[in-house]
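Chain by chain, the residues:
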Amino acid sequence: MELGVVGLGRMGRIVVDRCLDAGHDVVAFDIDATAREDAADAGATPADTLDALAAELGAEKRIWLMVPAGDPVDAALDELAPHLDSDDVVVDGGNSHFEDSTRRAEEHDFAYLDCGTSGGPAGAELGFSLMVGGPEWAYDDLVPVFDAVATGPDGHDRMGPAGAGHYVKMVHNGVEYALMQTYGEGFELLHEGRYDLDLEAVARTWNNGAVIRSWLLELCEEAFREEGSDLGTVADHVAGGSTGTWTVQEALEQEVPVPLVSQALSERFGSRSTGGDTGRFARRLANRLRYGFGRHEVARTGDDA
Ligand SMILES: NC(=O)C1=CN([C@@H]2O[C@H](COP(=O)(O)OP(=O)(O)OC[C@H]3O[C@@H](n4cnc5c(N)ncnc54)[C@H](O)[C@@H]3O)[C@@H](O)[C@H]2O)C=CC1
Ligand SMILES: O=C(CO)[C@H](O)[C@H](O)COP(=O)(O)O
């Protein structure tokens with residue numbers, strides 16, 4: 001299959017590389033020229049503009065957007081729209097709000113698949129988990145690409161109509177916030193508590209057979225191995241927050257209690273409003289875990305952040 005990929009950052013490059021590895025042809029565009037050159041070196045056909053990308057693709061165009069959520073998605077869609085018709089398919093693999101996705105699906109003639117993507121840059125080797133919303137025919141048509149980008153056939157599924165994919169990913173991220181918070185609280189107690197513990201050893205032991213083993217816990221183990229049991233210079237400052245905010249907003253609207261997600265989100269906001277580094281261990285671990293899965297920058301003590 002031939003796929004256009006727009007956005008060649010941490011995530012988009014993985015889409016490109018996994019598609020090339022699976023034998024698909026890729027036409028690649030990013031506003032950053034270096035990113036385009038790197039994708040060309042990897043075997044993709046670079047396009048200097050979105051118009052050029054559309055012109056390079058054959059009659060039935062398949063395009064994957066992996067750009068920051070919000071205006072960049074609308075800008076790319078508006079520029080691509082004149083080149084696309086109802087036989088064409090655009091996948092938005094970023095963390096868009098599900099209501100933006102339903103709006104975009106209605107606004108455009110081409111088929112629009114909203115695709116929640118989990119696994120982060122750290123999951124490149126295994127492949128991602130993909131939660132897709134939109135027309136069934138378009139999902140079925142893109143299965144060879146989803147097979148390549150995901151861990152395999154079991155790593156993707158159609159969640160429902162337009163918006164459902166990003167809705168499921170939004171809730172996934174709420175869960176992610178709460179899990180990071182609860183691991184953080186446990187390790188904070190162990191760090192502040194009665195014994196002088198090697199937290200990497202604790203995490204490693206838990207990861208081998210314990211009820212609470214998980215990938216996030218493996219990333220905790222990695223964090224303690226690389227930063228030390230006291231997390232070194234990792235600051236009490238947790239960035240991000242948009243998808244967790246949307247989860248809490250939606251829960252309020254649906255009158256579904258989500259105290260753990262809500263508390264985890266508040267802890268993030270708290271980490272930014274203290275006006276100084278209070279050194280809360282749970283928040284410092286969340287800061288480091290965001291690097292672990294997402295390669296988000298780690299705030300360090302002494303940074304201006
Ligand atoms: N990093 C992560 O762990 C995950 C990120 N996501 C989502 O995937 C999307 C991309 O994230 P990352 O790759 O991490 O970001 P990134 O910042 O590493 O890459 C974004 C790329 O998009 C390019 N770009 C920006 N506007 C553009 C435009 N109008 N046209 C073409 N290219 C444009 C930038 O130059 C950059 O290369 C975001 O929506 C993000 O929330 C989803 C799951 C995990
Ligand atoms: O979607 C993701 C992981 O699943 C991204 O890493 C996202 O950036 C995480 O959310 P936040 O930036 O609010 O921590």
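Conventions we followed
Residues numbered from 1 in each chain as written. Chains lettered and ligands numbered in written order. Predicted model: local features only at pLDDT ≥ 70, side-chain atom pairs only at ≥ 80, totals over all residues. Heavy atoms only, no water. Near = heavy atom within 4 Å. Polar contact = N/O pair within 3.5 Å; in protein donor to acceptor, adjacent residues only side chain to side chain. Areas by Shrake-Rupley, 256 points an atom, 1.4 Å probe, with all protein chains shown as cover. Helix = DSSP H or I, 4+ residues; strand = E, 2+ residues; numbered from the N terminus. Nonpolar A, V, L, I, M, F, W, Y, C, P; charged D, E, K, R; others polar. Buried < 20%, exposed > 50% of the residue type's maximum accessible area, 1.4 Å probe, protein only. Pairing = 2+ DSSP bridges. Domains from an automatic or database assignment. Contact = heavy atoms within 4.5 Å. Buried area = accessible area lost by both parts, 1.4 Å probe. Salt bridge = Lys/Arg side-chain N within 4 Å of Asp/Glu carboxyl O. UniProt positions renumbered as here; feature names shortened; annotations may be inferred. Lys, Arg positive; Asp, Glu negative; His and termini not counted.

**A closer look at the site of ligand 2**
Then, in step 1: What surrounds ligand 2 is a group of 14 residues, the closest being Lys169, Glu176, Tyr177, Gly241 and Arg290.
Then, in step 2: Separating an oxygen atom of ligand 2 from a side-chain N or O atom of Asn95 is a distance of 2.8 Å.
Then, in step 3: Between ligand 2 and Lys169, the relevant distance is 2.6 Å, taken from an oxygen atom to a side-chain nitrogen or oxygen of the residue.
Then, in step 4: Considered on its own, ligand 2 offers 360 Å² of accessible surface; in the complex 88% of this is hidden by protein.
Then, in step 5: Sorting the residues of the shell around ligand 2 by element identifies α8 (164-192), α11 (242-254) and α13 (281-294) as the ones contributing at least two each.
Then, in step 6: Of the residues in the shell around ligand 2, the class split is two nonpolar, eight polar and four charged.

**Regarding the pairing of strand β7 (residues 129-133)**
Where a strand is regular, its side chains alternate between the two sheet faces.
Then, in step 1: A large share of β7 lies buried, amounting to four of its five residues.
Then, in step 2: Where strand β6 (residues 111-118) and β7 come together, five bridges link them in antiparallel fashion. Residue pairing in the sheet places Cys115 in a bridge with Val132 of β7.
Then, in step 3: As paired elements, β7 and strand β8 (residues 156-160) share four bridges and run parallel to each other. Across the sheet, Gly133 pairs through a bridge with Gly160, a residue of β8.

**With respect to the domain arrangement of the protein chain**
Then, in step 1: By the assigned domains, the protein chain splits into domain 1 (2-161) and domain 2 (169-294).
Then, in step 2: Averaged C-alpha coordinates put domain 1 and domain 2 at centres separated by 30 Å.
Then, in step 3: Contact with domain 1, which involves 14 residues of that partner, is made by eleven residues of domain 2.
Then, in step 4: Between domain 1 and domain 2 the total buried area reaches about 900 Å² when both faces are included, carbon and sulfur atoms providing 64% of it.
Then, in step 5: Looking at the side of domain 1 facing domain 2, the largest losses of area belong to Asn95, His97 and Phe98, adding up to 42% of the total buried there.
Then, in step 6: At the boundary of domain 1 and domain 2, one finds zero salt bridges.
Then, in step 7: A per-element tally of the side of domain 1 that touches domain 2 places β6 first, with three residues.
Then, in step 8: Taken together, the residues of the side of domain 1 that touches domain 2 break down into four nonpolar, nine polar and one charged.

**A look at the site of ligand 1**
Then, in step 1: Taken together, the neighbourhood of ligand 1 is formed by 21 residues, with Arg10, Met11, Asp30, Asn95 and Thr117 sitting nearest.
Then, in step 2: Within the backbone of Asn95, an N or O atom sits 3.0 Å from an oxygen atom of ligand 1.
Then, in step 3: Gly294 places a polar main-chain atom, nitrogen or oxygen, 3.3 Å from a nitrogen atom of ligand 1.
Then, in step 4: The protein chains hide 80% of the 840 Å² of surface that ligand 1 would expose on its own.
Then, in step 5: The class makeup of the residues in the shell around ligand 1 is eleven nonpolar, eight polar and two charged.

**Section: the sheet that holds strand β4 (residues 62-65)**
Then, in step 1: Pairing in this open sheet of eight strands is mixed, and the strands run β3-β2-β1-β4-β5-β6-β7-β8 from one edge to the other. Because the sheet does not close on itself, it has two edges, and the strands there are β3 (45-46) and β8.
Then, in step 2: Across five bridges, the pairing between strand β1 (residues 2-6) and strand β2 (residues 25-29) is parallel. By the bridge assignment for β2, Gly4 is matched with Val27.

**Topic: the environment of Ala162**
Then, in step 1: If you trace the backbone, Ala162 turns up in the loop between β8 and α8.
Then, in step 2: Each C-alpha atom of the pair Ala162 and Leu126 lies 27 Å from the other, and the pair is 36 residues apart in sequence.
Then, in step 3: Beyond its immediate chain neighbours, meaning those up to four positions away, Ala162 contacts Thr102, Ala105, Asp114, Gly133 and Gly134.

**Considerations on the UniProt feature "active site" (unreviewed entry) in the protein chain**
Then, in step 1: Mapped onto the present numbering, the UniProt feature "active site" (unreviewed entry) falls at Lys169 and Glu176.
Then, in step 2: Considering the arrangement of structural elements, one finds Lys169 in helix α8.
Then, in step 3: Not counting residues within four places of it along the chain, the set of residues in contact with Lys169 comprises Asn95, Gly116, Thr117, Ser118 and Met131.
Then, in step 4: Within the structure, Lys169 has its side chain in polar contact with the side chain of Asn95 (distance 3.0 Å).
Then, in step 5: Relative to the helices and strands, Glu176 resides in helix α8.
Then, in step 6: Every residue in contact with Glu176, bar those within four places of it in the chain, is listed here: Leu216 and Phe293.

**Section: the side chain of Arg290**
Then, in step 1: Mapping Arg290 onto the fold places it in helix α13.
Then, in step 2: Glu176 provides the closest opposite charge to the buried, unpaired Arg290, separated from it by 6.6 Å.

**Comments concerning the pattern of salt bridges**
Then, in step 1: Within the structure shown, the criterion is met by 18 salt bridges.
Then, in step 2: Note that Glu200 and Arg204 form a salt bridge whose closest N and O atoms lie 3.7 Å from each other. You can see Glu200 and its partner Arg204 sitting in helix α9 (residues 199-207), four residues apart, about one turn around the helix.
Then, in step 3: Between Arg225 and Glu200 there is a salt bridge; the shortest N-O distance is 3.6 Å.

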